[in-house]
Each structure stands twice: as C-alpha cells, then as structure tokens.
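# Remarks on the overall topology
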Amino acid sequence: MKSNKRILRIGLISLLLPFAVWIGFLVVIPHIELLRLSFISHRGNNFTLANYANFFTNALYRNTYIRSAVFSIIVTFITLVISLPMALFITKIAGPKAQGILMLAVILPFWISELIQAFAWMIMLRETGVLSYLLQLLGIIHHNVEFLYNDAAIMVGLVYTSMLFMVIPLVSTLSTMEDSIIEAAYDLGGNFWNTLFEVIIPYSAPGITTGSIMVFMLSLGNYISVTLLGGKNSLWFTEQIYNQFILRFNWNQGAAFGILLLILSSLIVWIGIKISGQEIEEVLR
Amino acid sequence: MKSNKRILRIGLISLLLPFAVWIGFLVVIPHIELLRLSFISHRGNNFTLANYANFFTNALYRNTYIRSAVFSIIVTFITLVISLPMALFITKIAGPKAQGILMLAVILPFWISELIQAFAWMIMLRETGVLSYLLQLLGIIHHNVEFLYNDAAIMVGLVYTSMLFMVIPLVSTLSTMEDSIIEAAYDLGGNFWNTLFEVIIPYSAPGITTGSIMVFMLSLGNYISVTLLGGKNSLWFTEQIYNQFILRFNWNQGAAFGILLLILSSLIVWIGIKISGQEIEEVLR
Amino acid sequence: MSEIDVKVENVTKKFGNFTAVNNVSFEVPKGAFFSILGPSGSGKTTLLRMISGFEYPDSGNIYIGGEIVNNLPPNKRRTNLVFQNLALFPTMSVAKNIAFGLKRQHLSKQEIKKKVEHVLELVDLKGLGDRNVNKLSGGQRQRVALARCLVLEPTVLLLDEPLGALDLKLRENMKLVLKRLQARVGTTFIYVTHDQSEALTMSNLVAVMNKGKIEQISPPLELFYNPKTYFVARFIGDNNCWDGKVISLQKDTCNVKVGNISLTAKMGENISVGDEVSIFVRPEIISLKKGRSEKGLNGTVKEFVFDGAYFRIVVMAGTGENQLEVKVKIPQGEKIPDINNGSEVSLSWPDGSAIAFKKAGEIEKVIEKELEGVTA
Amino acid sequence: MSEIDVKVENVTKKFGNFTAVNNVSFEVPKGAFFSILGPSGSGKTTLLRMISGFEYPDSGNIYIGGEIVNNLPPNKRRTNLVFQNLALFPTMSVAKNIAFGLKRQHLSKQEIKKKVEHVLELVDLKGLGDRNVNKLSGGQRQRVALARCLVLEPTVLLLDEPLGALDLKLRENMKLVLKRLQARVGTTFIYVTHDQSEALTMSNLVAVMNKGKIEQISPPLELFYNPKTYFVARFIGDNNCWDGKVISLQKDTCNVKVGNISLTAKMGENISVGDEVSIFVRPEIISLKKGRSEKGLNGTVKEFVFDGAYFRIVVMAGTGENQLEVKVKIPQGEKIPDINNGSEVSLSWPDGSAIAFKKAGEIEKVIEKELEGVTA
C-alpha cells in the first residue's frame, strides 16, 4: 500500500521524466552502438564477423582474455579472505572510535585518486624503491631488485584498490546480524571456527556475493593500476581494447573486444551467483 | 557490553595480525614515500621546494588545478540533482520489481569497465557518431558536428560514471526513512515541495554528504574518462600528474602534484562537511 | 453529543480480490471517543486510512463535519492522524514538529509561537520545545505526536494503534493520559486498536470489526454483557466457549447438550432445535466452591495460577471422555477457597449469564491465528 | 526441591564506576521456576549473564550443580540461555538450529536426529523440522529457541525476558506454555523479566531486584501480601501509596497522619514516632459503598474507568487541600454500586491490610522513570 505514490507522484514525475529519457539514452544507445560497430569491418562499412574471428584465431588475445579472468577471480578470493576478518572486527569487536579509524583506513584508497595510488605503489616497488631498500637492510636480498612490472605487483595493486568494495557490503551485512546470534552459538557449545563457518559466513552470504561481484568487475575492467604496475606487457584484456581504440584506431575491433569482455564478466558473475545459490534480486538489494 | 570480543578475539587476532601489519604497510608507507619524493629535486638527491614552487609559478598548472576542482564541484551538484529524485523513486514509489530494474540501470555503468564506457561514449559523440546523426535527422544541425573533446563531454562522462556512488548512499539513507513520515507531512497539510525541502532533504543529509564526497573524489581523481572524452587537452590535473610521471619521467614533480591534489580534495571535502554541519564520524558510518 | 462529526455510509474498499472493508456504515457523534477494535486483517486500519484520506473508497460516502470528502487528499481534510510509529520528523525539534502544520496555514510567526507554547502546555511538555525529538522518552514522543495534530484543531483526531510500540507499564499510563486529554480538549477521537483493554478503557463507543464488517457498536460494558454475535462473544475477554447441540427451546433460552452435560443458555440469535451452538460464560462470573454440590457443575481442578490480578483456575467438569474445560477467574482481593490441583470443586453462575450462538468455525481460525502470532 | 542447582554467593560486578550487581547471594533449588524481577537497570540481566558465563564476576562465587564456575566460558557450562530476541540462526532450518548444540557434543547422526525429533514433539513443533526459522510465527520461533536449549539437557535453563518481543495476546498464551513445559521437563528455570505478571504467573520463587541488590525472595503471593521493603510494596501491583508522619505506635501498628486524615497501618520495618512513612493499601482490597458512612473513609469519585477486567475508580478522600487520591479496583464480575463521577462514596479495608514503610524518595524516581518509558 504505497500511498506515498500519490503524494510524491506529481512532483517526482515532472522531475524524473527528462532524466528518465536521458538515462535511457545514456545507458542503452551507447552500448547498442558499441554492439553494432563490432559487426562492421574496420575499412569499409559492411557487416562482418571478422572482428570476432580475429579474437578466436589469435592466441595472444585468447590467452590475455583467460589470464585476465583467472587473475580477477584470484584477486577476488584474496580480497574476500582479507576483508571478512576486517569486517567482522569492525562490526563485532571494535568500539565506536576504533570503528571510525578502521573504516577510514579502508576508505583511504578511495580518497586518493587511483592514479596517484598507482604512482605511490610504483615508487614503493621500483628497483630503487622502499621495498628493495628495506629488504636489503634486513639482509634478505643483496642488491637492488625490481618488484614492479610483474603479476604480483598487479595483484597487490588490484586487491588494494578494490578492498573497499568488499569490506563495505560485508560490514553492512554483518552489522544487521545481532550480536546475540554469535553469543547463542557460543552458549550452545560452539567455538570460533564452528561459529565462523556455520553461522557467520552463511549469514554474510549476500554481502560476500555483492562484494565479490564488485571486486571481480573492478579488477577485470581495471586499466590504470594494471598498466602502471604491470608495465606495458601486463597482458590484461583492457589493455588490448585500449590498444585497438587508441594506438591502432581500429574502433571496430575494439568494440568487439569490449563486447567480449562484457560477455565474459556477465558469464562469470552469473556462474558465481548460481554457485552461491542466491537470487539476482537479492544481490541487487 | 561487547562480549563477542571474548568469543571472537582469539580466532580473529590470529587472522588479523598479519593483515593489520600489511594494511599499515600498504596504506602508510607508499604515501609517506610520495611525500618524501616531492621534496627532493629531480636530478640530484637534495632537499628542495622547487617542485612546489614550479606549481605556483606556472599559470597552466595553477589553472588546471582550479579548473579540475570547480568542474568536479559542478559535476557533484548535477549528479546530486539527478540522483535524489531517482533514489526517492526507487525507495518510496517503485514496487519491488521496478526497484530491481532501476537499481540495475544504475549499477550497469559499474558492470561495464570504465574504459569500455568511455569508448562507447566516444562512439556516440564523435563527428560521425550517433548524436550527430540523430540531430541531423531532426534537422537541428545540418552537417557532422564533433561533440567529443569538450567540457560538456567530460561532464556527461563524469556524471554517468559516478552516479552510482551518489544513488547508493541516498537509497540506503532514504530506505531507513519510514513511509509514514512522508504521509505525516502530507496529513499535516504539506505539499510535495514542503515535504521535499523540509522533511526529505534534511533526512537524507548524511546520504547527500557521503555521496557528494564520493562523487567529488572520483571526479577530481578521474583519468580515463576525462582524457578519452576530453581529448589530450582536457586540462585535468590528473593528466598533469600522469605527464610528469610517464612522459617526462619527473617523478619528483609528479609526487608534488599528487600531494597538491590530495591537499585540494581533503580541503574541499572538509569545507563541504563543515557547511553541511555534520560530523566526520557520521559521514563514515 | 447529538451532532455527527464523521459519517461513513456503505463504504467498500477492495485491494485486488481482497475486500478489506465491506459495506460499512456508522456515525461518530461530536466529542466522542470512538474505538474500532478488531484482529489484524479485519480492515480497521484501511477504514481509518479512508477517513484520513490516504485511501479512497471504491463505493459509499464518507462525511466529515457534514461534507462529503470521498476523494479529498489528506492535506485538504480537517482530520489529523497519529501514526502507529508516531512518524515524528526526526530532523526537527519538538517545536518545529508542531509548527510544521501551522506553517502550511500561513500564520504569522508570533501566532505560530503562541499556539505551539499553548499546546506544549496542554500535553505537559512545557519547556521542551527546543529538544530534538530523538532525545525524548517514549511517553514524551507520544505526546509530541498528539500535540502536532491537536494544534491544528482538527474536526476529528484519528489514532492508529498509537500505543502499540510502548511497553506494558507505559501503555497503562498513556491510556489514562489519552482519556483525560480527550475529555479536556473535547475533540472527537477515532481510535483504532487490536487491544481490547485499550478500547474498553478509553472509549464511549466501541465498534468491533471482523473481516471488513462491523459486528457490533456498543458502549464498552455492553460488549461484555450483551455480545450480539458469536465473534464478539469469542473475541472480547478470555471467554469460556463450549460447543454443543440444542435439545429444546424455551421462550428466551435453550437447553444444550455439551458432551454429557446439559446446560441452559440465553439465545443470542435465532436458534432451532438440533443446531450446533457454542455457549459462552465469562470466567469472572463463575463462582467456585470446594467439594461437590447437587445444584452446581462438579469437577476437578487441573491448573491453578496466580497472575498478580486474578487467580486463574482451570476445572475439568463432567466425567469420562467428554469432559468440559472451564476457565474460572477469581479476583485477587477475594477469599480463595483452600484448593489445589486435583481438588474437587463445584461451579455455578447466575441465570441468564450464559449465552448461546450458532457455531462459526472460520472465526475460530482467525482467533487461533491471532494467538499464534502469525502476524507478529 | 531440597537439592541446590545454582548458588550465587556474594557476587559483585562493576562496569567502570557503575555497580551493576552489588554483593548478591541466593540459591535456586533443583526443579524450581525462579524469576528475577526488577526495573530496567536493576542489574538482573547482568546477573543472568554471569550465571551463563558471558560476564565474569568481579568478586564472589557462582556454583552450578555444586561446582564453582566463575571463569568458565559459556560453551563449557551446563547452562543454556534463551535470548530476549531469541537469536535463532536465520540461515538454518528448525532442525539444524536444534542440532547445532548437539553436533558440538560429537554425537552420531542418528542420535542427533532422534533427539531433535523428540524435542520437536515436546515443544509441539512435530513435522516443522525442515521449515526455515524465518517462515515461522512468533510463538513457533519462541518454541524453537526453547527446544534448541532443552535438547542439550542443561542443568539450568536461563531465560532473558523471552516474551518481551511478543504482542499481548500471544504473551498471555506463551506464559502458560512455558509454565506447563517447565512442569513437564522438570529442568530448573531462571527467568529474568521486568514484567511482574510474567514473574507472578509462572514462578515458584520470585527475587525482586533493585539497584543491583535483591530486595526480597518469596513465592508470588507473599510479594503481594507481605512486602518486606518499601520498593517491593511500591513496585508490585499498582499500589496505593500515601505519605504521612507517624504520630503514635502500638505493638505491631502505627498511627499515621496523612494530610488531615489519621490512618492505622501495620509496620513493615522498624519505625519511630515522627518518621516520614508511606502507607500502602492494595486497590483490590478496598471496598466501596455508595454514600457517606461514619466508620469508613469518605470521598468523591473523580474517575471511573472500565478496562475489561476491572473497574478502576479514583476517589478523592478527605477535605480541603490535603485530599488523598485513593485508587480502587473492583473486579468485573462483582456488582458495582450505581456511582458516577462526583458520587459520594465511603471506603474501607480489612484491618492489617495497610502497611507502612519509611519513605524512600529515590526509589520513587526509579519508578517514575519506568513509567515515562525513558528506557524504551
């Protein structure tokens, strides 16, 4: 019985209508155009499947595609394993003050432009950087070592930039969990691990799914951190798309790659949701 | 009386300790190093203020800096004006089904990599693109017009990519508002505008603040959408930072610019919070 | 009390296939404290929302102060509603909450201030005008919600279970506050509740609602002693209800075979020999004596509980398989015979205090559901 | 009932500067239904949490089944707690909720299944094992929470206001369910509540708590008729409380000047001439007659309310400025004299049913706060 409708309707419709049109225009048309372009040959204006065929015949493209997906899944998993205890700590243990500080630490990467973050990481990991210096001080390595431009650097950067998007859904799910549920598990004879795996993780399932989708999407679609930390040969699929659009001016090929990336991410998210046994509607909430 | 502490403490500390160290290491050290580097001259290793002096003596840097801030504020405001009615519609009028679809429309830009979005926009706005074509069909313009590479294109792109971050905090604030509060305003004689300005907007203040901070930060720190849609002369401050790091290999100058951007964003957010009369702690929740 | 403030005439409201309010008519006299009492889902809230203007009737008319208001929106009606959850504006002070409605009437600042001060005094909140409403206690918040409506001097004040969120002790207190306030300001109150004690304590008139229809409109005591329908007899108070078959009829009374016991009861409606009926006897009216007697109903004590106000005693009367469960309530101040679980007792009640209605199985289910807390 | 299941010995617990539980001692006999009754903030929940192991006492000892358990964590104690909000595991079915504790005891799957089936039958939920707990009604959820604890066969079952979240009718019903269940299984129950009707209905023994201390431990009826302290007299039931000054003493009784009326009352504690005392008389025990009489207390009816169980009558007795407000409750079954607001009536009560305690102003505040719902 949403009788708000009547109250708000007249005012809202007058405000919403132009925006609704605009949003439809913004969301739908550019992507239809992207799809159309992907079926047109680069030179000439005729219909072709060549842009997609190129992908399947070129091993570099295929491998980059798979590599990006696998790495993004790994990044998502690492982020989850780090974020769950953090979220648990923030919601169930920390006092209000510690809560604020911890949330601040989580939000900080967001405060700072991804670009600057990536540069800060580069400063840290380069051959003459802090990490190399510290490890030499500790005697673990004996000359300057380049920690930049490898897969580990990419992963660290991705986990760091996307952690916020895992912690926030987890915090918001876990903060709806009454403390007494954990106490009840304890009272009925459970220990930490029982409680974690049988009570807390099932309860946070919606937060885990939402967070995982966001982190996966952000990682797969990342360009800045990946190219800056991974170097020119980071072999990330977004880099291939960028190259087609900007370096080769082959927008049609780029559009096809864009559509392929979209299919990949949708497919993996769909599988993830199926495995976790949740409804898409629940995840959207 | 957080007696959860006792239950979860032992297990959590064993999990959290390495991560806590790691997070401290990740968050603090790279940015201290960024700060240190900004006070060191590019050639030679001595302390200098030259990197900052360069900023104040060069009008291009100064203007870009101010321009980025002003544009980001405008983008934030536009995003707010669009997002508030949307959030209101989603939380107070739409049925569960429409709610899902609307949230999906809002989340869609997030689903698709920012890079691909930007390319889709380029396809749309370029001289031979859809917009130019449509306007010619309607007889508004009479030859191909380039809509790309101008300030409006940057703004549209930024509003589009960051809307999600305004809508979500607004939806989460407004969904805690009981419907009967709107009904009460109506019952006591209020109309749509009274209710909006005296009841709904004050209620959504925390969401507005959170959303505005996020959108402002994202806009000011954006690189991909700005450079792709605005072209090489988009005059965004992140572009200057990128140029210093990547094109000129002057990391020290880049670090100084990074610190300046950080100061700018912190300052404006701080002013914004003061004006809205909220506590930083509230915003973090 | 002869002037009519609210008149509801053959009003029906459907939601899809569900008929929430089914052809309801009644009148509320000026200055009355009128309660609508019913289980959840009986349509009482929908009825109230139609009077306040949040829902419009599908058919029938609603008059307020003599004028038809069927499709008038709430902000144009001279009614105000106190919401179940109060719906105070959480970002405003007490005074601003109260002034919100006055501002819509384009009064001067001084006038608004004067009226706010006056109503704050009326509800005993003098000096709390600048307090934020979230800083108030439950009872104070309640009174702000009342003040916010009363300051607009509505023709009718509507209240939608406003005490539902309060805890027991505070609720007892607020009942008296509300009743006294209504007596003082003289505004007509329409009060919706599922709690009979609220309705009975405060009202001049109670309308009992069930499944979208009004079953009976009476002063509180009459609902107790002269229920007009099976539902009212079953719903009001924790009544004894025994099912049996009519054997013979007298002028106003009938003889009913319940198990292997024969009882005499007043007829609550038209009844024929052979009908399946239920007999109702109030537990408060039954007297209990230790030991057997020839005149009364003999039985054994099964349960004996003291709840602070009453001794609640359950007696199994009769013999064999068809024993009758009789609830007896003896008020705390009276002398209790020296009995225990298993004691033999004899029960009796005044002539004419047992009443019979035809059995209605479906109503039983409504009440069972209520007890199971399905809606909670 | 002579064996002791729980013994609390000089237990104190502080939170910072606030002493939540102050040197409390008591014993709970095996198989008892023991209630701890007190206003919010009286320390009753802290006491319960110390018995269950969620808080550890600062000093003193807690024995369960004869052993000291002061610092034993909850998962090692043979106590189980039914939480106020039930705290069912929302992602599990009914059967899995119940099996959670059993799994921790490393029983075989068959054994677990058998025990779950058995306890489901005990709490009347047979066949609902596979239902998700969110799909249950309020009363059913309540019973799952009980079953989950009972299946572990604890030495003591602890209950922390488990009926607080239910609505009125369901609560009445659950009180009886709980009492019957306890009688059947024979487990010792310790029940914490601020609702006296719950405590009085169900318990064998009630401990009244105030400000971290236990004021009185008695069977329910004794709390009513033999309160040992000012607080108990004031807190239990809606008692009349009149302040006055002691003029003279007899053996067990004292004469007290209340306004310009002189009353005789039993002494509840040591009292001297000149002390400021309060006299308590239960509203239920006062008889009311129409018209004036020489022996009784004469007055005028100020308020006359029927609440479904009682007629609540407020009488202003005496004359002039120092009028006495007397609350009278006449149960619904009795004959009501034909009175109205303004009628002259005379009041009387049996000798020895008035009791005097020294005045304690601070306690007054505790109870006022309770009525204002500050904690709600």
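Structure's up top.
This is a predicted model, so every value here is computed, not measured.

## Examining the nonpolar core
Core analysis: the biggest nonpolar cluster contains 226 residues, and C:I190 and D:I190 have the highest contact counts within it. The next biggest cluster of nonpolar side chains, apart from the first, holds 98 residues, and it includes A:F55, B:I112, B:L125 and B:A153.

## Structural notes on the pattern of salt bridges
Applying the stated criterion to the full structure yields 37 salt bridges over all chains. A salt bridge links A:D151 to A:R67, with the nearest nitrogen and oxygen atoms 3.0 Å apart. Linking A:D151 in helix α7 (residues 151–174) with A:R67 in helix α3 (residues 59–93), this pair joins segments that are 84 residues apart in sequence. A relative accessible area of 33% places A:D151 in the partly exposed class. It is possible to trace a salt-bridge network through shared partners that takes in A:E183, D:K13, D:R49, D:E55 and D:D58.

## Side note on empty space enclosed by the protein
With the rule as written, the count across this model stands at 5 cavities of 30 Å³ or more. Space inside the largest cavity adds up to approximately 720 Å³. Looking at the lining of the largest cavity, the elements that each hand over two or more residues are α4 (96–111), α5 (114–125), α7 and α10 (205–220) of chain A together with α4 (96–111), α5 (114–125), α7 (151–174) and α9 (192–220) of chain B. A per-element tally of the lining of the largest cavity places α7(B) first, with 5 residues. Looking at the lining of the largest cavity residue by residue, the classes come out as 19 nonpolar, 14 polar and 2 charged.

## Some points on the sheet that holds strand β14 (residues 276–281) of chain C
Residues and elements named next belong to chain C. With mixed pairing, the 5 strands of this closed barrel are ordered in space as β11-β12-β13-β20-β14. Strand-to-strand, the axes of this sheet are offset by a mean angle of 55°, without reference to chain direction. The pairing of strand β13 (residues 261–267) with strand β20 (residues 355–358) spans 2 bridges and is parallel. Of the residues in β20, the one forming a bridge with M267 is A356.

## Notes on the pairing of strand β17 (residues 310–317) of chain D
Residues and elements named next belong to chain D. For β17, the buried fraction is high: 7 of the 8 residues fall into the buried class. Judged from the 7 bridges that link them, strand β16 (residues 297–306) and β17 form a sheet pairing that is antiparallel. The residue of β17 that forms the bridge with V301 is V315. When β17 meets strand β18 (residues 324–331), the two strands line up antiparallel, connected through 8 bridges. Considered in β18, the bridge of F311 is made with I330. Here β17 folds back onto β18 in antiparallel fashion, the turn holding 6 residues, of which G318 has a positive phi close to 75°.

Procedures and definitions
Residues numbered from 1 in each chain as written. Chains lettered and ligands numbered in written order. Predicted model: local features only at pLDDT ≥ 70, side-chain atom pairs only at ≥ 80, totals over all residues. Heavy atoms only, no water. Core = buried A, V, L, I, M, F, W, Y, C linked by side-chain atoms within 4.5 Å. Buried < 20%, exposed > 50% of the residue type's maximum accessible area, 1.4 Å probe, protein only. Salt bridge = Lys/Arg side-chain N within 4 Å of Asp/Glu carboxyl O. Helix = DSSP H or I, 4+ residues; strand = E, 2+ residues; numbered from the N terminus. 1 Å grid on protein atoms, 1.4 Å probe; cavity = no way out; pocket = protein on both sides within 12 Å on 5 of 7 lines; lining within 4 Å. Points joined across faces, edges and corners; volume = space filled by probe spheres on them. Nonpolar A, V, L, I, M, F, W, Y, C, P; charged D, E, K, R; others polar. Pairing = 2+ DSSP bridges. Axes fitted to C-alpha atoms, helices over the stretch in contact; angles between N-to-C directions.

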